[in-house]
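Summary of structural features
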Amino acid sequence: MNNSNRQSIAEIVEKSLAKRKAKEKRFRFAGMLAVITALIMLAVLLLSIVVTGLPAFTQTAIKLDFHFEESLLPADTELTDEVIASMDFHSLVKKTLREKFPMVKKRGDKKALYKMISNGAPYQLRDMLIEDHSLLGKTVPVWVLADDEVDSIFKGSKTIADSRLTETQYGWVRQLVAEDRVVTRFNWTFFQNGDSREPEQSGIRGAIMGSLLVIIVTLGLSFPMGVAAAVYLEEYAKPSRLNDLIEININNLAAVPSIVFGLLGLAVYINFMGMPRSAPLVAGLVLTLMTLPTIIIASRAALKSVPPSIREAALGMGASKMQMIFHHVLPLAMPGMLTGSIIGMAQALGETAPLLMIGMIAFIVDIPQGFMDPATVLPVQIYLWADVPEAAFRERTAAAIMVLLAFLVTMNLLAVWLRKKFEKRW
Amino acid sequence: MHKLHSRLPYYGYMSALWTGLPALLILLLWISFETTIVSSLVMSDLPPAYESYSEQQKGLLLNDIKNHAAGKVTSVLTPELQVLSDRYEHLKSIANMANIAVVLAIGIIGGIFAWQKIKVETRARNNVEKIVKGLLIASSTIAIFTTVGIVLSVLFESVRFFEKIPVTDFFFGLEWSPQTAIRDDQVGSSGAFGMVPVFAGTLLISFIAMLVAVPIGLMSAVYLSEYAPRKLRAVAKPMMEVLAGVPTVVYGFFAALVVAPLVRDLGVTVGLDVSAESALAAGLVMGIMIIPFVSSLSDDVINAVPQAMRDGAYALGATQSETVRQVILPAALPGIVGGVLLAVSRAIGETMIVVMAAGLAANLTANPLNAVTTVTVQIVTLLVGDQEFDSAKTLAAFALGLTLFVVTLALNVIALHIVRKYREQYE
């Protein structure tokens, strides 16, 4: 190569340099853009849910003076809880409302008036009287829940134009406000009640209990079995056909769509074994199979990180292999296993699809008390509410999502904390 | 005492295992088979009048009897069915009593056996360790049983489905409308089970999802591993992982609440007619869900490329982006392809987003603005709610499930194979 040629190469490089640098800049920018896009999407997702769900954490209550008339009690009867349960509190509520607004005379207007407060009010009064029999004959001011239409106006999630409230109803609301009889307070009902057809009475207590029961079953089964499987595969298994088969199966199961586990649950647990639908036990069994691969994989990694010197020392002191594992290796690997299990449980807690297959989507008002009671879980409750067109339910859906995410964040933070606290560098 | 072979607790463990294990095993077996056996016993006594009933009608009958025996319904049964209901209840209670008796007996026998075995020369530790090892092996074989369970349960019902609907009709049929007619004169319920439009819809939505997830996921993985300062990486990476931790039902709600109306409004401003349940909205949201999946898998393979290759490229005067594009990405390509295949299998099997944001009607279309349906949506709609277990409609869900399982399994096996092969290359 001669001198001029070499120079020309340098020139070519020199010439193309600006272009290449611009390209470099563009590429870098594209990369940054991708990261920013992903983060913006996360922000939009979370923000839209928080903005939608926040109003659901408050609710509007109206103070009315109820007179527990003696005439409610049938003549010549003792005041017992059964008698109270059969009393007509609906009429009492209606009568109180009519007395509060004496100018309402027309039938249609009366109906509109009754609709202003939640139809759970009579039950609230009943429970008050059951709790305190001496209330009979007295007049007590009681905060009853406002109907969800009134509620939405106060929380500003609906303007008057969107609302189904009529001008007359709005007038009554203004009168109540003027008399200082309306308050917007924290929505305890949301955390105390089960599902309901009425938005203002619906809550997530039942769903949370259901989720808790399901997670107890899942953790109780998948943790011991997952750890046992990991111990066998990591400490005992020698390469053999059976062990290869097990490994392949575990890796594949981790990637099987969750809905397929639901099909398995439906065919085996419900149709073959005749277990009840909607039961937390069945849901727990299905989720156990689903989370098992996660726990096994995490537990194996934890076992792998325990250095061989620990094992050799134990064996050298005369421990049997089983003693070496259970007395020395397992305790050291436990934090890692727990971390993996918590992450597996967080997965199980957010899972919906397989539970739809085993009938967990029934409308259930009662709070489940046991593993065989019909129940629903938090994500399924979210799915059910998301289907309801009413705006008040949309708020509650987002609020339930916030609660679910709070649980998941807590669990993940716990896992991170555990890892940090017990992490050992050998 | 010093003459004992094992330390004392082992004799206790041994007795506990002998007492508890066999009894527990019998209890589990008993519970799993009791209902099936009692039901078949009851049904074998079915009065001759019902002989002509089809399997399906018999199933409904059995359900009636069971509900009655459990006292869940108050309707009145015909006298002969009432007899069956009473018999069912009677058998159930006998079975329960027998269960308790048998389990207790086995527990006691096991306990006595263990008691007899407690002698100086018994090697209790070896005994216990053998049993525990057996338990460990049993736990690890559950993965196999689960797979077998999935295959069998899905296959079994699918075979029954294919007895009613020819295999070719299912796999090559161009029309899907599983609503079978109850009366002959009903309109619009042809009961066609051609899965092509359903599968096409799944592919369309997955394709849109990959269009979102692959560029964003891959580019952010490249940026975070090659360019980003350590601090940014430490913050941005976990934030992206958060996207993976969000439950799918939340994405579904997000799709229905925000993205679908947005896509629709945008379409209206541009002058396009967008369906309320467009494939585009579902696909976009599914893409967001899959971004972290693609990015963390790509991150792994990009980091696995040896530093020497980067250094070589820099030494030749390549810019950073040229190194990435011409050296690192080609070297990491097999791993990235494997990761993308895993992501595709994830998209195909994803359920909640499409259930909440995609349509129910099976349209055979490639237009992302139309509503399409997917395999998972159809499985959910066919199986949720009231169902009779022998109709082609319900069984079709299992045939779809089988297809889904086989397709995702194949994708996973291929992907894992590619990823593993790639890893070996650089290790």
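Residues numbered from 1 in each chain as written. Chains lettered and ligands numbered in written order. Predicted model: local features only at pLDDT ≥ 70, side-chain atom pairs only at ≥ 80, totals over all residues.

Looking at the overall build of chain B
How we decide: Numbered from the N terminus, helices here are DSSP runs of H or I no shorter than four residues, and strands are runs of E no shorter than two. Radius of gyration here is computed from C-alpha atoms only, and the compact-globule reference equals 2.2 Å multiplied by the residue count raised to the power 0.38. Our contact criterion uses C-beta atoms placed from the backbone: two residues qualify when those atoms are within 7 Å.
Within chain B, the regular secondary structure consists of 14 helices and two strands. Relative to a compact globule of 427 residues, whose C-alpha radius of gyration would be 22 Å, chain B shows 30 Å and is clearly more extended. In chain B, once contacts between residues fewer than 6 apart in sequence are set aside, the share between residues at least 24 apart is 73%.

What about the overall build of chain A?
Applicable threshold: Burial is judged by counting the other C-beta atoms within 10 Å of a residue's own C-beta: 20 or more makes it buried, 12 or fewer makes it exposed, and any count in between marks it as partly exposed, with every C-beta position built from the backbone.
For chain A, the count of helices and strands is 17 helices and three strands. Rg of the C-alpha trace for chain A: 31 Å, well past the compact-globule value of 22 Å for 426 residues, more than 25% over. Taken along the three principal axes of its C-alpha coordinates, chain A extends 110 × 75 × 40 Å. Here chain A holds 426 residues, and the buried ones make up 42% of them. Within chain A, contacts between residues separated by at least 24 positions form 78% of all contacts whose residues are at least 6 apart in sequence.

Regarding the interface of chain B and chain A
The test is simple: Polarity classes work like this: nonpolar for Ala, Val, Leu, Ile, Met, Phe, Trp, Tyr, Cys and Pro, charged for Asp, Glu, Lys and Arg, and polar for all others, with Gly in that last group.
Between chain B and chain A, the contact holds 71 residues from the first and 68 residues from the second. No other element matches the 20 residues that helix H4 (residues 124–164) of chain B contributes to the side of chain B that touches chain A. Broken down by class, the residue content of the side of chain B that touches chain A amounts to 44 nonpolar, 23 polar and four charged.

Observations concerning the packing of helix H9 (residues 205–236) of chain A against helix H12 (residues 280–304) of chain A
Residues and elements named next belong to chain A. Selection criterion: For every element, the axis is a line fit to its C-alpha atoms; helices are fit only across the contacting stretch, and the angle between N-to-C directions ranges from 0 to 180 degrees. Crossing handedness is read from the near helix: turned anticlockwise from the far helix by less than a right angle, it gives a left-handed crossing, and turned clockwise, a right-handed one.
Two numbers describe how H9 lies on H12: the axes approach to 6 Å, and their chain directions differ by 35°. Crossing geometry of H9 relative to H12 is assigned as right-handed. Of the residues assigned to the contact of H9 with H12, the class counts are 20 nonpolar, eight polar and four charged.

Re the domain arrangement of chain A
Residues and elements named next belong to chain A. Let me state the cut-off plainly: Delimitation of the domains relies on an automatic or database domain assignment.
Entries for chain A in the domain assignment read domain 1 (3–54), domain 2 (58–192) and domain 3 (205–422). Each of domain 2 and domain 3 was reduced to a C-alpha centroid, and the two centroids are 45 Å apart. At the junction of the two partners, domain 2 supplies eight residues and domain 3 supplies five residues. Looking at the side of domain 2 that touches domain 3, the elements with two or more residues in it are helix H6 (148–155) and helix H8 (189–192).

Observations concerning the confidence of the model for chain B
Residues and elements named next belong to chain B. Operational definition: The quantity called pLDDT is the predictor's confidence in a given residue, expressed from 0 to 100.
Scored by pLDDT, chain B has a mean of 86; 91% of the residues are at 70 or more. Within chain B, helix H2 (residues 55–69) has the poorest average pLDDT of any element, 72, and helix H6 (residues 196–227) the best, 94. Here the prediction assigns the complex a pTM of 0.88, and the interface score ipTM is 0.90.

Considerations on the environment of A:Ser258
The residue A:Ser258 is located in helix H11 (residues 258–272) in this model. Using a count of 23 C-beta atoms within 10 Å as the deciding quantity, one classes A:Ser258 as buried. The spatial distance from the C-alpha of A:Ser258 to the C-alpha of A:Val286 is 9.6 Å, given a sequence separation of 28 residues. Apart from residues lying up to four places away in sequence, A:Ser258 is in contact with A:Met290, A:Glu351, A:Ala353, A:Pro354 and B:Thr351.

Overview of helix H7 (residues 167–178) of chain A
Residue and element names in this part refer to chain A. Our working rule: Here the expected length of a helix is defined as 1.5 Å per residue gap, with one fewer gap than residues. Arc definition: it is the arc formed by the directions from the helix axis to the C-beta atoms.
The terminal C-alpha atoms of H7, which comprises 12 residues, lie 16 Å apart, in line with the 16 Å expected from a rise of 1.5 Å per residue. Taken together, the buried positions of H7 are occupied by Gln169, Trp172 and Val173. For H7, the arc enclosing every buried residue in end-on projection is 100°, short of the 170-degree limit, so these residues lie on one face. Facing away from the buried side of H7 by more than 90 degrees, the exposed set consists of Glu167, Gly171, Arg174 and Ala178. The elements touched by buried residues of H7 are helix H4 (107–114) and H6.

Re the domain arrangement of chain B
Examined at the domain level, chain B breaks down into domain 1 (8–140) and domain 2 (190–426). Computed from C-alpha coordinates alone, the two centres of domain 1 of chain B and domain 2 of chain B are separated by 45 Å.

Considering the nonpolar core
When a protein is soluble and globular, its nonpolar side chains tend to lie buried together. What counts is decided by this rule: Think of a nonpolar core as buried Ala, Val, Leu, Ile, Met, Phe, Trp, Tyr and Cys residues, each tied to the set through C-beta atoms within 7 Å.
The biggest cluster of nonpolar side chains holds 191 residues, and the ones touching the most others in it are B:Ala255, B:Ala282, B:Val285, B:Ile353 and B:Ala357. Counting 21 residues, the second-largest nonpolar core is a separate cluster that includes A:Phe68, A:Leu125, A:Leu129 and A:Leu165.

Quick notes on the sheet that holds strand S1 (residues 58–67) of chain A
Residues and elements named next belong to chain A. So the rule is basically this: Strand pairing requires that DSSP identify at least two bridges connecting the strands.
Within the open sheet, the three strands sit side by side as S2-S1-S3. Their pairing is antiparallel. One side of each edge strand has no neighbouring strand; the edge strands of this open sheet are strand S2 (139–145) and strand S3 (182–186). Here the average twist between neighbouring strands, direction ignored, is 35°. Sheet topology note: the S1/S3 ladder contains five bridges and is antiparallel. The residue of S3 that forms the bridge with threonine 60 is threonine 184.

Some details on helix H8 (residues 248–270) of chain B
Each turn of an α-helix holds 3.6 residues, which means side chains three or four residues apart point in the same direction. Residues and elements named next belong to chain B. Applicable threshold: Each residue is assigned a bend, namely the angle between axes fitted to the seven residues that terminate at it and the seven residues that start at it.
Maximum bend of H8: about 45°, positioned at alanine 255. Among the residues making up H8, those that are buried are Thr248, Val249, Val250, Tyr251, Gly252, Phe253, Phe254, Ala255, Ala256, Val259, Ala260 and Val263. Just past H8, the residue glycine 271 takes up positive phi, approximately 95°.

Digging into the environment of A:Gly340
Residues and elements named next belong to chain A. For glycine 340, the position within the fold is in helix H14 (residues 321–349). Counting along the chain gives 75 residues from glycine 340 to alanine 415, while the straight-line C-alpha distance between them is 7.7 Å. In contact with glycine 340, other than residues within four places in its own chain, are Thr294, Ile295, Ala298, Ser299 and Ala302.

Comments concerning the environment of A:Asp109
Residue and element names in this part refer to chain A. When you line up the elements, aspartate 109 lands in helix H4. Residues aspartate 109 and threonine 168, 59 residues apart in the sequence, show an inter-C-alpha distance of 8.3 Å. Beyond its immediate chain neighbours, meaning those up to four positions away, aspartate 109 contacts Val104 and Thr168.

Some points on unusual backbone geometry
Residues and elements named next belong to chain A. With a phi angle near 65°, aspartate 180 is a residue other than glycine that sits in the positive phi range. If you trace the backbone, aspartate 180 turns up in the loop between H7 and S3. The exposure class assigned to aspartate 180 is exposed, which follows from the 8 C-beta atoms found within 10 Å. Even without being glycine, serine 278 reaches a positive phi, approximately 65°. Looking at the element boundaries, serine 278 is found in the loop between H11 and H12.

Focus: the packing of H9(A) against H4(B)
Any two packed helices are characterised by how steeply their axes cross, that is the angle between the axes, and by the distance between the axes. Keep this limit in mind: Angle categories: roughly parallel below 35 degrees, roughly antiparallel above 145, roughly perpendicular from 65 to 115, and oblique for all the rest.
With their axes 7 Å apart at the nearest point, H9(A) and H4(B) run at an angle of 105° to one another. On the basis of the axis angle, H9(A) is roughly perpendicular to H4(B). Residue-level contacts link A:Met225, A:Ala228, A:Ala229, A:Val231, A:Tyr232, A:Leu233 and A:Tyr236 of H9(A) to B:Lys133, B:Leu135, B:Leu136, B:Ile137, B:Ser139, B:Ser140 and B:Ile142 of H4(B). Residue classes in the contact of H9(A) with H4(B) are distributed as 11 nonpolar, two polar and one charged.

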